[in-house]
Amino acid sequence: MRTRWFLPALAVSVALTAAACSGSSDSASEDSAKADNAAEGAASTGSGPGAGSKKVGFIFVGPKDDYGYNQAAYAGSQAVKKAFPDMEVLTAENVPEDDNATRVMEKMIAGGAKIIFATSYGHLDPGLKVAEAHPDVAVVGQGNFISKAVPKNAGTYFGTVYEPVYLAGIAAGKATKTNKLGYVYAFPIPQTIANINAFQLGAASVNPAVQTYVVNTSSWCDPAKQAEAAKSLFAQGVDVITQHQDCTATITKAAEEAGKMVVGYHADASSLAPKGWVAGSEWAWADIYNDIVKTAKEGKFTGSPYNANYRAGCKDGKNPFVQSKFGTMVDAATKKLIEDQKVKICKDGSPFTGEVKFQDGSVMFKAGEVPDYAAIEKANTKFVKGVVGELPKN
Amino acid sequence: MTIVTEVFTGGIRGGTSILYAALGESVSERAGVVNLGTEGSMLAGALAGYAVAAETGHPWLGAFAGAVAGGLLALVHAYMVLSRGANQLASGLVVLFLGLGLTSLFGVTYVQAVAPTFSPVAIPGLSAIPFIGPVFFEQDPLVYLSYALVPLLSWFLFRSRWGVLLRASGERSEVLVAHGHRVRPIQYAAVVGGGMLAGLGGVHLSTAYTKAWFENMAVGRGFVAVAVVMFASRRPIRVAGGAYLFGAALALSPALQARGFGINQFALDAVPYVVTLVVLIVFGRRQLRDVPEGLSKVFDAQPTR
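How each quantity is defined
- Residues numbered from 1 in each chain as written.
- Chains lettered and ligands numbered in written order.
- Predicted model: local features only at pLDDT ≥ 70, side-chain atom pairs only at ≥ 80, totals over all residues.
- Heavy atoms only, no water.
- Helix = DSSP H or I, 4+ residues; strand = E, 2+ residues; numbered from the N terminus.
- Buried < 20%, exposed > 50% of the residue type's maximum accessible area, 1.4 Å probe, protein only.
- Contact = heavy atoms within 4.5 Å.
- Areas by Shrake-Rupley, 256 points an atom, 1.4 Å probe, with all protein chains shown as cover.
- Domains from an automatic or database assignment.
- Buried area = accessible area lost by both parts, 1.4 Å probe.
- Salt bridge = Lys/Arg side-chain N within 4 Å of Asp/Glu carboxyl O.
- Polar contact = N/O pair within 3.5 Å; in protein donor to acceptor, adjacent residues only side chain to side chain.
- Nonpolar A, V, L, I, M, F, W, Y, C, P; charged D, E, K, R; others polar.
- Axes fitted to C-alpha atoms, helices over the stretch in contact; angles between N-to-C directions.
- Parallel < 35°, antiparallel > 145°, perpendicular 65-115°, else oblique.
- Left-handed = near helix turned anticlockwise from the far one by under 90°.
- 1 Å grid on protein atoms, 1.4 Å probe; cavity = no way out; pocket = protein on both sides within 12 Å on 5 of 7 lines; lining within 4 Å.
- Points joined across faces, edges and corners; volume = space filled by probe spheres on them.
- pLDDT = per-residue confidence, 0-100.
- Patch = residues over 30% accessible without salt bridge, like charges linked within 9 Å, V, L, I, M, F, W, Y side chains within 5 Å.

Caption draft 1: Region of interest: the overall build of chain A. Within chain A one finds twelve helices and 15 strands. Taken over 394 residues, chain A has a buried fraction of 59%. Taking as baseline every contact in chain A between residues at least 6 positions apart, the subset at least 24 positions apart corresponds to 68%. For chain A, the exposed surface amounts to about 15,100 Å²; the carbon and sulfur share of it is 55%.

The following block contains the structure:
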């Protein structure tokens, strides 16, 4: 008799797993099947991977209208469409970070695409698999790191996201009255930790008493958990909140409703918080996408900066992650201060200019040390001093 | 605010969407139909509620629309199970994915929409009571509605004539037939009504709790609701306790983290299912006496008539 009730419990857990990895409907990939005879049009201007490609494929992990990461990547793909009117741009939304991604990319390649943008962190491994199978196709991954030898036809690219976050941190450090900032994040990946640290360092550079309280949600988008995280942070006296996750509206609106301030991430959401908007950071992918497509099309991909782990920063003026507009509360003096800091970190400084210490007091960067992008990416494994909270336990 | 007040307040706030869905599932199961599509009904309610509130400017119209949307999705399940004789579990899952797909498809335009939403309203007098006040009486209107719904449903199921008929349809439908009642309309009403409640749960999630729509935003809360129903024996008052317990589990993580403690979110997320398993194991036999007999036929390919 009793076993009967284990069955529904089992069914529930199976169904939950299914629900957790659902949301796959690669609608747009159908486009790629339309004209599959264009594959022969290659090798007209050189012979490197992607040379002479008539089509370029983009895969996104989420929907193109998420008010965030995927929307920005999609906007970049449309900029490519505009810049290369003779090329066909194939896009696929909601592509999971598993073998489905391989399948979608294979389909695009079968349809004639020789340049593939795998735009999510977890799309890199399937992307590398595809690159290995198709030496004539250039595959670039957005925001991950190839730690082995980089194949001739692959690479990663990303912006130094923590630079504008550091600048927004300055605005937050000036704006806070309680000296408590809040940071709601999804997962403790190095990129996120670097953002949190840069935010705290920026705020502390103008306000030594400031602290950043962190809460993680363990989900790229769970609005209910975000709502609760915001409430908890506000209850602790936090008056400026920011975040790093895919869907951002809930936190922004929660701050506005509670009469608190908010620093944006991924997109300009100032219209959602007309009173509380302080500053923010957003994506502008067009230039990098266009340059990658151009390089590959001309057959010059192999050996180019994109045939590596390419990181664009404000040092080369190409950072695809830029400052959003300021809120009305930010005064001219603060704007000037931020502008000066921007010039400084772009010229010969860094948000992580030493001395920077971890929470436990150990040294992250020595006094006077100006770390390069690679060193920063490597060192951000723990929170810096001034961040309140622990990394999630495993 | 002390951590206890914070977690209890968050438990009510976060548990309310689960509560609505679990009440709906209780009604449905009392009539002998398990609806694993509850999560789908929640999503349908969340989107319809948010969309209609955005279009019309009235959150209550949104709440109505959300209930209707949840009910319509449950109607698909009811038709499959009651009229076409489909396997209840299979049909439930199909309905879940139908709801997930449809809401993702039609929800795209509302991801960026701004809708009027339900905000917390402190009840004068009651909200001044220490602890009880902030926990129970500084919530949004949909929470207050759920306070009324719990005793009402309890009375309906166990004290009213309609409730007797509904339960009879899930226990021994033959008796109803012998007494000259038609079983199927009662079961249809229970499943659709259950879906409407799940839809309201979705409305609370989108238009009161998070004030946003995003695809798959229920993230498993519909299944938590099904789990609550199992260990709360389909009794509204126990269901409320279970829903609030899981709401509190969800609120515990940010409350601890904001105070500087690192915790494992994944472990906390598993709490509802672990509790359910433990309850089923410990009280298994006693629980079983409480299960509507009609549910025992769920695993037959035949419909429960």
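After that view of the structure, there is still more to cover.
Caption draft 2: Looking closely at the domain arrangement of chain A. All names here are of chain A. Per the domain assignment, the segments making up chain A are domain 1 (27-159 + 285-312) and domain 2 (162-282 + 321-388). Between domain 1 and domain 2, the C-alpha centre-to-centre distance is 31 Å. Taken together, both faces of the contact between domain 1 and domain 2 bury some 940 Å²; the carbon and sulfur share is 56%. Arg 311 is the salt-bridge partner of Glu 377, the closest N and O atoms lying 3.2 Å from each other. For the pair domain 1 and domain 2, the number of links is one residue pair in polar contact (both at pLDDT 80 or more). Class assignment for the residues of the side of domain 1 that touches domain 2 results in four nonpolar, three polar and two charged.

Caption draft 3: Region of the structure containing the packing of helix 3 (residues 69-83) of chain A against helix 10 (residues 286-297) of chain A. Residues and elements named next belong to chain A. Where helix 3 meets helix 10, the axes come as close as 8 Å, and the angle between the chain directions of the two elements is 50 degrees. With respect to helix 10, the element helix 3 is oriented oblique. At the point where helix 3 passes helix 10, the crossing takes the right-handed sense. Contacts between helix 3 and helix 10 involve Ala 73, Gly 76, Ser 77, Ala 79, Val 80 and Ala 83 on the former and, on the latter, Ala 286, Tyr 289, Asn 290 and Val 293. Looking at the contact of helix 3 with helix 10, its residues break down into seven nonpolar, three polar and no charged.

Caption draft 4: Looking closely at the layout of surface pockets. The space that makes up the second largest pocket amounts to roughly 610 Å³. If you go around the second largest pocket, you meet 28 residues; those closest to its centre are Lys 231 and Glu 257 of chain A together with Arg 13, Pro 120 and Glu 138 of chain B. When residues of the lining of the second largest pocket are traced back to their parent elements, those giving at least two are helix 8 (223-235) and helix 9 (249-258) of chain A together with helix 1 (3-30), strand 1 (121-122), strand 2 (138-139) and helix 9 (183-209) of chain B. For the lining of the second largest pocket, the residue count by class is 14 nonpolar, five polar and nine charged.

Caption draft 5: Examining the confidence of the model for chain B more closely. Residues and elements named next belong to chain B. Taken residue by residue, chain B gives an average pLDDT of 90. The fraction at 70 or more is 95%. Low confidence marks residues 301-305, where pLDDT is under 50. Its contacts with residues over four positions away, or in another chain, come to 14 contacts. The complex prediction reports pTM at 0.82, with the ipTM value standing at 0.87.

Caption draft 6: Layout of a nonpolar patch on the surface. Residues and elements named next belong to chain B. A contiguous nonpolar patch, built from Val 4, Phe 8, Leu 126, Ile 129, Phe 131 and Ile 132 and spanning about 470 Å² of accessible area, is present on the exposed surface. By the element assignment, Phe 131 lies in the loop between strand 1 and helix 5 (132-136). Under the relative-accessibility criterion, Phe 131 is labelled partly exposed at 34%.

Caption draft 7: Structural view of the packing of helix 2 (residues 38-56) of chain B against helix 10 (residues 221-231) of chain B. Residue and element names in this part refer to chain B. Relative to each other, helix 2 and helix 10 sit at 130 degrees, their axes nearing to 7 Å. Looking at the two axes, helix 2 sits oblique to helix 10. Where helix 2 crosses over helix 10, the handedness of that crossing is right-handed. The residues of helix 10 that touch helix 2, namely those facing Thr 38, Glu 39 and Met 42, are Arg 221, Gly 222, Phe 223 and Val 226.

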